[in-house]
Amino acid sequence: QAYVFMQPLEPTKNDEVTIRIRTLKGNVKDAVLRYSNEVDVTLTAAAKYKEIPMQFEKVDDTGYYEYFVCKIPKQSKPYMYHFKLSNKKETIYR
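The sections below set out a description of the structure shown in this document. (Residues numbered from 1 in each chain as written. Predicted model: local features only at pLDDT ≥ 70, side-chain atom pairs only at ≥ 80, totals over all residues. Heavy atoms only, no water.)

1. Comments concerning the nonpolar core
The nonpolar side chains of a soluble globular protein tend to be buried with one another.
Here is step 1: Ranked by internal contacts, the top residues of the largest apolar core, which has 15 residues, are Ile19, Leu33, Met54, Ile72 and Phe83.
Here is step 2: For this core, the secondary structure elements donating two or more residues are strand E2 (17-24), strand E3 (30-36), strand E6 (65-72) and strand E7 (80-86).
Here is step 3: When sequence neighbours within four positions are dropped, the list of residues in contact with Leu33 reads Ile19, Lys50, Glu51, Ile52, Met54, Cys70, Ile72, Tyr81, His82 and Phe83. (Core = buried A, V, L, I, M, F, W, Y, C linked by side-chain atoms within 4.5 Å. Buried < 20%, exposed > 50% of the residue type's maximum accessible area, 1.4 Å probe, protein only. Helix = DSSP H or I, 4+ residues; strand = E, 2+ residues; numbered from the N terminus. Contact = heavy atoms within 4.5 Å.)

2. Focus on the sheet that holds strand E8 (residues 91-93)
Here is step 1: A sheet is described by the order of its strands in space; here 4 strands give the open sequence E4-E3-E7-E8, paired in antiparallel fashion. With partners counted over all chains shown, the strands left at the sheet margins are strand E4 (50-53) and E8, one partner each. Within this sheet the neighbouring strands show an average axis-to-axis angle of 25 degrees, counted without direction. (Pairing = 2+ DSSP bridges. Axes fitted to C-alpha atoms, helices over the stretch in contact; angles between N-to-C directions.)

3. Comments concerning the sheet that holds strand E5 (residues 55-59)
Here is step 1: Taken in spatial order, the 4 strands of this open sheet run E1-E2-E6-E5, and their pairing is antiparallel. Edge strands, defined here as strands with exactly one partner in the open sheet, are strand E1 (6-7) and E5.
Here is step 2: Note that E1 and E2 share 2 bridges and pair antiparallel. Bridging across to E2, Met6 finds its partner in Ile19.

4. Overview of the side chain of Asp60
Here is step 1: The topology assignment puts Asp60 in the loop between E5 and E6.
Here is step 2: Although Asp60 is buried, it forms no salt bridge, and the closest oppositely charged side chain is Arg22 at an N-O distance of 5.4 Å.
Here is step 3: Separated by 2.8 Å, the side chains of Asp60 and Thr62 make a polar contact.
Here is step 4: Within the local environment of Asp60, its side chain forms a polar contact with the backbone nitrogen of Tyr64, the two atoms lying 3.3 Å apart.
Here is step 5: In this structure, Asp60 is in contact with Tyr65 and Tyr67, ignoring residues within four places of it in sequence. (Lys, Arg positive; Asp, Glu negative; His and termini not counted. Salt bridge = Lys/Arg side-chain N within 4 Å of Asp/Glu carboxyl O. Polar contact = N/O pair within 3.5 Å; in protein donor to acceptor, adjacent residues only side chain to side chain.)

Here you go:
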C-alpha cells in the first residue's frame, strides 16, 4: 500500500479509512469496495461482505489513468477488502 491509495496507512479503530484505486482511463464504469470483518472466513463463500460504491475522483496528470475513491467507516475489528470492477463487458474482483 502507498499513501495515495490508503489513508491513514496504519488505521486505528477510531479512523475512517480512505481507499483509492487507479484504473486505465475508460476501462471501468463502476467500482465497488467490498469489505468484511469476518477475517477468518473471507476467502470462503460463507463470508458476508458490505459494499461501498466508489466515486470517480479524477484523471491523473498523464491522462492515462482514473482514480476512484471511497471511505471505509471506523472499524473496531480487523477487516479485509477487495474491489468489484465492472464495465460493459465484464465484472472482475481484485
